[in-house]
Structures are given as C-alpha cells and as structure tokens.
Amino acid sequence: MSSAETGPAIETGPAMLSNVARPPRPSALANALTFGWRAVLKFKHVPEQLFDLIMTPLMFTLLFTFVFGGALAGSTSDYLQFFLPGILVQTVVFNSVYSGMGLSTDLSKGLFERFRSLPIWSLSPFAGLMVGDVLRHTIAGLIILTVGLVLGYRPEAGLTGIVASFLLLIAIGFGTGWIFIVLGLLIRTPMTVMTIGFTFIFPLVFASNIMVRPETMPGWLEAFVVRNPVSHMTTALRGLMAGTATVGEVLLALLAPALLTVVLSPVVLWLYRRR
C-alpha cells in the first residue's frame, strides 16, 4: 500500500514531544488522599488487621464491665456509664501504635525510598497513615459504642454528644499518632515499635481515670492521675457524652494532641529527609 493511500505520516520526534503540555502537578491534598486510599486498601488486602482492631476493645469492654463493674460501682450498669467513654479513649491511644508499626514495615520493604523519589508533597505518605488511623479509630469506636448501647449504656447528650465525642477521639488519635510515627522512623522492626510503644502507653492509660476515680487512689498516685493528659481526655469525653462538658475541659483534652502535632510533625519530616 502506497503512502498516498495511507495518508501523511505523523511526526513524533523530540521537537513534537517537547510541545506537549506537562500534566498539572498534583496538589498536597491530592497526594494525601491518594496515600489515604492506600491505607484503606490495606484493610481489604490484610483483613486480619480487623481482628485485633475489633477483639481487643471488645474484650476490655466486656471483661471490665462484668468482672469489675459490681465491685467498683455497685452495679454493672452504673459502671458502664462511667467506663465506656474511658475505654473509647484507651482504644484510640492503643490503636495509634499501629501507625508506627505500619511505617516501620514500609521502611523495611524499601517503599519509602520510592516515595522519596516521587514529585509529591513530602508529608503525604504520613498523611496516608493518619487517614488509616482515622478509619481504625472510627471503626473501633463504633463497635464499642454499639456494644455499650446493647449492654445498657445511654449517652445523655444523644446524637450530638456522640458526634462531638468522636470528633474529639479523632483529634486525640491524630495527635498521639505522631509519637509512634517518630518511633517508626527510628526503630527498625515493627515488633520493637509495638513493644516500646506499649511500654510508654500502659502507665499513662492505666494510671488515669479511665477505670476508677482518682480519689480512691493513694495521694501520690492521685496527684499524677489528675494531671495525666489521658485523664483530661477521658473527663472531656465523659462530659460530651453526658452533655455536661465545659469549654475548658475540651480545650484541656486537646492541649496534648495539639502540642504533639506542633512539636513532632517537623521532627518526622526531618527524620524522613535524613534517612
């Protein structure tokens, strides 16, 4: 077949390609959403994550309510009203460890070397980790709340109090997550991140007002518990659920997450660029 029959040839040399407009560079938000979607897909491809996410808070809720509730509050129903907001805070703080574990896993596989070579916002991989955290916190919180409602827990502030409480929980998880992202950048193995993370978390969580009232403790321990940031978070959450929270209680609960974010997010970026 002759060239006349096939039409003129299309020139595709360097001169022609140089005139093709580059696609627009994605925004920081687009980068963050892409990595957030990657975090969501992990639940699909690693469904065993959901077992730990669901079973640990469920066991804490049932065991403490029925084993200790009568001794600590006189009845399981009274204890549940006191305990359930606290177990929501505990679950969010515990779940924050998984950010550091996931980061350590990605680093050990060399994924972040590839991310660093891409023309993207530097913090977008960490934004994706935070999106995964928000999803974990929301799923676990809804499960605990549902179980609590079945057992007889009644949030006096209704739906408004529940929504406000979950917003506070997400803010708490966002702030505490930075601690474990730093650990994930510093520590080589995910299991070591978990061990060190829980070593740091356990005293803060259990030496708080989540499970018992501070006035029942020895004086030296009570002095620590009433100043513990986890206690402030729990007090604010109880108040939001009951409709009695003050602005001061909520701001005090947000103080530690805000400080952690302001102080540790630049540290994360510095460690990431330094590796």
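Before any of the text, the structure's been laid out above.
Treat the numbers as computed from the prediction; the structure is a model and nothing was measured.

**Student:** Hey, could you go over the packing of aromatic side chains for me, with residue numbers and the actual values?
**Tutor:** Per the counting criterion, the structure on display carries 11 aromatic pairs. Here the aromatic rings of F64 and F68 are separated by 5.1 Å at their centres, their planes lie at 45°, and the arrangement is tilted. In this pair, F64 and F68 both sit in helix α4 (residues 48-73), 4 residues apart, roughly one turn of the helix. We classify F68 as partly exposed; its relative accessible area is 38%.

**Student:** Which residues make up helix α9 (residues 158-186), and what values go with them?
**Tutor:** In this model, α9 (29 residues) spans 43 Å end to end at C-alpha, consistent with the 42 Å of a helix rising 1.5 Å per residue. The largest bend in α9 amounts to roughly 25° and is located at W178.

**Student:** Any details on helix α8 (residues 124-151)? Residues and values, ideally.
**Tutor:** Its 28 residues place the ends of α8 41 Å apart at the C-alpha level, agreeing with the 40 Å of an ideal helix rising 1.5 Å per residue. After α8 finishes, the residue G152 shows a positive phi value of roughly 120°.

**Student:** Just give me the short version of the pattern of salt bridges, but keep the residues and values in it.
**Tutor:** A side chain of one charge can pair with a side chain of the opposite charge when the charged atoms of the two come close. For the coordinates displayed, the defined rule picks out 2 salt bridges. Residue R38 pairs with D106 through a salt bridge whose shortest N-O separation is 3.2 Å. Of this pair, R38 sits in helix α3 (residues 28-45) while D106 sits in helix α6 (residues 97-108), and the two are 68 residues apart along the sequence. Relative accessible area serves as the criterion here: at 26%, R38 is assigned to the partly exposed category. Under the relative-accessibility criterion, D106 is labelled buried at 5%. Residue D133 pairs with R136 through a salt bridge whose shortest N-O separation is 2.3 Å. Of this pair, D133 and R136 both sit in helix α8, 3 residues apart, roughly one helical turn.

**Student:** Give me the packing of helix α12 (residues 229-242) against helix α13 (residues 247-274): which residues, what numbers.
**Tutor:** Between α12 and α13, the least distance of the axes is 8 Å, while the angle of their chain directions is 140°. As far as their axial angle goes, α13 and α12 are oblique. Like other packed secondary-structure pairs, α12 and α13 cross with a definite hand, here left-handed. Contacts between α12 and α13 involve P229, H232, M233, T235, A236 and L240 from the first element and E249, V250, L252, A253, A256 and P257 from the second. A class-by-class count of the residues in the contact of α12 with α13 yields 9 nonpolar, 2 polar and 1 charged.

Parameters at a glance
- Residues numbered from 1 in each chain as written.
- Predicted model: local features only at pLDDT ≥ 70, side-chain atom pairs only at ≥ 80, totals over all residues.
- Heavy atoms only, no water.
- Phe/Tyr/Trp six-rings, centres within 6.5 Å; stacked < 30°, edge-to-face > 60°.
- Helix = DSSP H or I, 4+ residues; strand = E, 2+ residues; numbered from the N terminus.
- Buried < 20%, exposed > 50% of the residue type's maximum accessible area, 1.4 Å probe, protein only.
- Expected span 1.5 Å × (residues − 1).
- Bend = angle between axes of the 7 residues up to and from the residue.
- Salt bridge = Lys/Arg side-chain N within 4 Å of Asp/Glu carboxyl O.
- Axes fitted to C-alpha atoms, helices over the stretch in contact; angles between N-to-C directions.
- Parallel < 35°, antiparallel > 145°, perpendicular 65-115°, else oblique.
- Left-handed = near helix turned anticlockwise from the far one by under 90°.
- Contact = heavy atoms within 4.5 Å.
- Nonpolar A, V, L, I, M, F, W, Y, C, P; charged D, E, K, R; others polar.

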